[in-house]
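Here is how the chains run, residue by residue.
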Amino acid sequence: SDRSEGSVLNVAFEATKKIWLDTYGVEYQVEGGMYRGEPPSAFKDPNFIFQDKPPSMKVDCPNCHLIGKVGASSTTPANDAPSEMAWTDPHLEYVPGTLTPVFIKGAIKSPVNRQNANPRKENYVFGSGLRGVGYYHTSTKDANKILYKRLNIAREKKQSEVYSATCGNC
């Protein structure tokens, strides 16, 4: 937990910040980050009594300026409520902020045997949803419901295969 200048954590974090800046063009900063500073000196006392809430003490440490500003976030900052993922409405024409269609109507089934009229499309899931049969963008709840159903079917099939192979004829 040594975060002093030149320490392993400090050097690694500085490298991470540089990569982040080079990749995304913005400074790496997470409000409410994991590092909260050094524990109060009373914490090191063997008779320290743990409470439901931390004792109210002013903490003075060399890295206090980092508290709540940098680090891997493991908690939501107190002033922000956790937000749920917002699904893209399948009735919209485009995924918000893009020119990517939310839904692409599926083609009629091919009359040629073993020829797929609806091949895979990146970032889409093919299936039946609120707008009928077609490709739903992965940001829609419809796409996730289709995938969830497929995964459950595959899981049940695999469980059946395992049962048959291990004890099916016992």
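Cut-off values and rules
Residues numbered from 1 in each chain as written. Predicted model: local features only at pLDDT ≥ 70, side-chain atom pairs only at ≥ 80, totals over all residues. Heavy atoms only, no water. Helix = DSSP H or I, 4+ residues; strand = E, 2+ residues; numbered from the N terminus. Buried < 20%, exposed > 50% of the residue type's maximum accessible area, 1.4 Å probe, protein only. Contact = heavy atoms within 4.5 Å. Phe/Tyr/Trp six-rings, centres within 6.5 Å; stacked < 30°, edge-to-face > 60°. Lys NZ or Arg CZ within 6 Å of the ring centre and 35° of its normal. Salt bridge = Lys/Arg side-chain N within 4 Å of Asp/Glu carboxyl O. Pairing = 2+ DSSP bridges. Axes fitted to C-alpha atoms, helices over the stretch in contact; angles between N-to-C directions. Expected span 1.5 Å × (residues − 1). pLDDT = per-residue confidence, 0-100.

(A) Broad picture of the side chain of Asn10. Along the chain, Asn10 turns up in helix 1 (residues 8–24). Assessed through its relative accessible area of 17%, Asn10 is described here as buried. Not counting residues within four places of it along the chain, the set of residues in contact with Asn10 comprises Arg3, Ser4 and Glu5.

(B) How the structure looks around the packing of aromatic side chains. All chains considered together, the criterion is met by 2 aromatic pairs. Centroid distance Phe103 to Tyr136: 4.8 Å. Interplanar angle 55 degrees. Geometry classified as tilted. Of the two residues, Phe103 sits in strand 1 (residues 103–105) while Tyr136 sits in strand 3 (residues 132–137), which places them 33 residues apart along the sequence. Tyr136 matches Phe103 in its accessibility class, with the two residues each being buried. Ring geometry for Phe126 against Tyr135: centres 5.1 Å apart, planes inclined by 65 degrees, an arrangement best described as edge-to-face. A residue is classified by how much of its surface remains accessible, and Tyr135, at 3% relative accessible area, is buried. Across the ring face of Tyr135, the terminal group of Lys121 is positioned such that the distance to the ring centre comes to 5.0 Å.

(C) Region of interest: the pattern of salt bridges. Scanning the model with the defined rule gives 3 salt bridges in all. For Lys158, the salt bridge is made with Glu161, and the minimal N-O distance between the two is 3.2 Å. In this pair, Lys158 and Glu161 are both assigned in helix 2 (residues 141–166), 3 residues apart and thus about one turn of the helix distant. When its relative accessible area of 38% is taken as the criterion, Glu161 is described as partly exposed.

(D) Summary view of the sheet that holds strand 2 (residues 124–129). Sheet architecture is open: 3 strands sit in the order 1-3-2, paired in antiparallel fashion. With one partner strand each, in any of the chains shown, strand 1 and strand 2 form the two edges of the open sheet. For this sheet, the mean inter-axis angle between neighbouring strands, taken without regard to orientation, is 35 degrees. Sheet topology note: the strand 2/strand 3 ladder contains 6 bridges and is antiparallel. In the strand pairing of strand 3, Gly129 is matched with Gly132. Set on the sheet, helix 2 makes contact with strand 2 and strand 3; between it and strand 2 the angle comes to about 85 degrees.

(E) Layout of helix 1. For helix 1, built from 17 residues, the straight-helix expectation of 24 Å at 1.5 Å per residue is met to within 8% by its first-to-last C-alpha distance of 24 Å. Directly beyond the C-terminal end of helix 1, a positive phi value near 75 degrees is found at Gly25.

(F) Expanded view of the environment of Trp20. Checked against the element boundaries, Trp20 lands in helix 1. Every residue in contact with Trp20, bar those within four places of it in the chain, is listed here: Gly25, Val26, Glu27 and Tyr28.

(G) Representation of the confidence of the model for the protein chain in the model. Averaged over the protein chain, the pLDDT score is 77; the fraction of residues at 70 or greater is 68%. Low pLDDT, under 50, characterises residues 72–83; the predicted model gives this stretch 15 contacts beyond four residues in sequence or across chains.

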